[in-house]
Amino acid sequence: MVAHYDENLLSDMLPVYYTRLFPQNIFCRWLACGNSPQPLSNRELSFTLADDVYIRYLSISNQKEFQALLQKKCPYKLDIGAVYNNKPSISRHDAVVLARELVFDIDLTDYDEVRTCCQEAKVCDKCWKFMVIACEIIHTSLKDDFGFQNILWVFSGRRGIHCWVSDFEARTLDSPGRGAIADYLCLIIGGDNQNKKVHLGVDNLHSSIRRSIGIIDKYFDEVMLDQEFIGTPERLQKLLKMIPDETLRDIVENNLTKMPQSSLERWKSFVNIYDTYLRENGNAIRKIKYLLEEIKIQYCYPRLDVNVTKGFNHLLKSPFSIHPKTGKVSVVFKPNNARNMKLDEIPTIYTLLDDSSPDNVQHQNNMRSAVKIFQEVVFSLEKAEAMRRRNDANTTLEF
Ligand SMILES: [Zn+2]
């Protein structure tokens, strides 16, 4: 058991992991996106070596070169950058970014003001549910609102998830386009000092917001039980501060403080009080029409790192990279399976390479499934890319 989570072992284990388990071939094909709009060699990779030495502007032309580079440098972490008009190089100041997946980064540390089970780097299966909700909301929106098809979901290695959209339209999207999508998906606004961070106004709700609330509703009671959002006087105060109508706030405070501290029971009472109040005070509607929805969103809606989505040059951790602190593999997963994922079932480099580990067999299987999901996404990307090229060629012929 000593072998677990010992960072000093990484330099011996990583070369074995890269050779035997890292899906190099499929990884290179994913990065090349059918060599469109530029060959694989124009894509930036960056490595973090032992002792935090960081090398940018690496590139590879094929799997053979990739394997050689991995063996030579033994990176502790792999990051992926953009595709340039030339081979990436530190000295080329005229380099232009031509493509980059549209990416999303969701990290549980951004949920610290709402999650109560863990803080900072800690994560458990209870707070993982926030990631499940985020994944379902973003995935549905990317497909239904934007029509994207090629969407890859990856566990970040510690306490979050990444999403990579590889459709050609997404990869070649300009900065304002990326910004618009990020803003569209961003409903929680305001810093630590702002008590109420969601304002939905009084007009009819946009269908995508309704759909997101529908997704939150599937998990809301469960998350309320897990997190006990209003189970202490302090947490109840946070809820009260989200109520803009003073009279309603006082009624809620009076009633809920007298109740037992079960958050779910308190929430149900709150909903009843709110409904009755709204029925009896029609003029309050301007302030509190969507109060319940706003509170649910503030508790559960995805908190995105929008700068990662907006930027072209933001490097993001590669799928199947190892997290140097946890040893966990950044596995690819299916969005509809996120809710069944258990954190201790995510393979680690230590369990994968240690036959005597009790988790070895299960982690090997989970690693194989993750590679298979990755393959499916890459095959469908290559198919879409071939079709797009054929259509482009036909359009050109018609002229
Ligand atoms: Zn937790």
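Residues numbered from 1 in each chain as written. Predicted model: local features only at pLDDT ≥ 70, side-chain atom pairs only at ≥ 80, totals over all residues. Heavy atoms only, no water.

(A) Representation of the coordination of the zinc ion. For the zinc ion, every protein donor is listed as Cys117 (SG), Cys118 (SG), Cys124 (SG) and Cys127 (SG), and the spread of their distances is 2.3 to 2.4 Å. Its 4 donor atoms give the zinc ion angles of 102 to 119° at the centre, a pattern that matches the tetrahedral case. Coordination of the zinc ion draws on donor residues from a single chain, spaced C-C-x5-C-x2-C in sequence. In this pair, Cys117 sits in the loop between strand S5 (102–107) and helix H4 (125–144) while Cys127 sits in helix H4, placing the two residues 10 residues apart along the sequence. For Cys127, a relative accessible area of 0% gives the class buried. (Donors = N, O, S within 2.8 Å, 3.2 Å for Na, K, Ca; no water. Tetrahedral: all angles 85-135°; square planar, octahedral: opposite > 155°, others 65-115°. Helix = DSSP H or I, 4+ residues; strand = E, 2+ residues; numbered from the N terminus. Buried < 20%, exposed > 50% of the residue type's maximum accessible area, 1.4 Å probe, protein only.)

(B) View of the domain arrangement of the protein. Each assigned domain of the protein is listed here: domain 1 (7–119 + 146–184 + 305–398) and domain 2 (207–300). Summarising the inter-unit geometry, the C-alpha centres of domain 1 and domain 2 are found 39 Å apart. Tallying the contact residues gives 7 residues for domain 1 and 9 residues for domain 2. When the buried surface of domain 1 facing domain 2 is broken down by residue, Val114, Thr116 and Arg339 rank first, second and third, together holding 64% of it. Measuring nitrogen to oxygen at the nearest pair gives 3.7 Å for the salt bridge that ties Arg339 to Glu222. In this structure, the connection of domain 1 to domain 2 is made through 4 residue pairs in polar contact (both at pLDDT 80 or more). Residues that form the side of domain 1 that touches domain 2 fall into these classes: 3 nonpolar, 1 polar and 3 charged. (Domains from an automatic or database assignment. Contact = heavy atoms within 4.5 Å. Buried area = accessible area lost by both parts, 1.4 Å probe. Salt bridge = Lys/Arg side-chain N within 4 Å of Asp/Glu carboxyl O. Polar contact = N/O pair within 3.5 Å; in protein donor to acceptor, adjacent residues only side chain to side chain. Nonpolar A, V, L, I, M, F, W, Y, C, P; charged D, E, K, R; others polar.)

(C) A look at the pattern of salt bridges. In total, this model carries 23 salt bridges according to the counting rule given. With a shortest N-O distance of 2.9 Å, Glu113 and Arg303 are connected by a salt bridge. One end of the pair, Glu113, is in the loop between S5 and H4; the other, Arg303, is in the loop between helix H12 (291–300) and helix H13 (306–310), and 190 residues separate them in sequence. With a relative accessible area of 32%, Glu113 lands in the partly exposed category. Its salt-bridge partner being Asp226, residue Lys129 comes within 2.6 Å of it at the nearest N-O pair. On the criterion of sequence distance, the pair formed by Lys129 in helix H4 and Asp226 in helix H7 (residues 207–227) is long-range, its members being 97 residues apart. Neither residue differs from the other here; Lys129 and Asp226 are each classed as buried.

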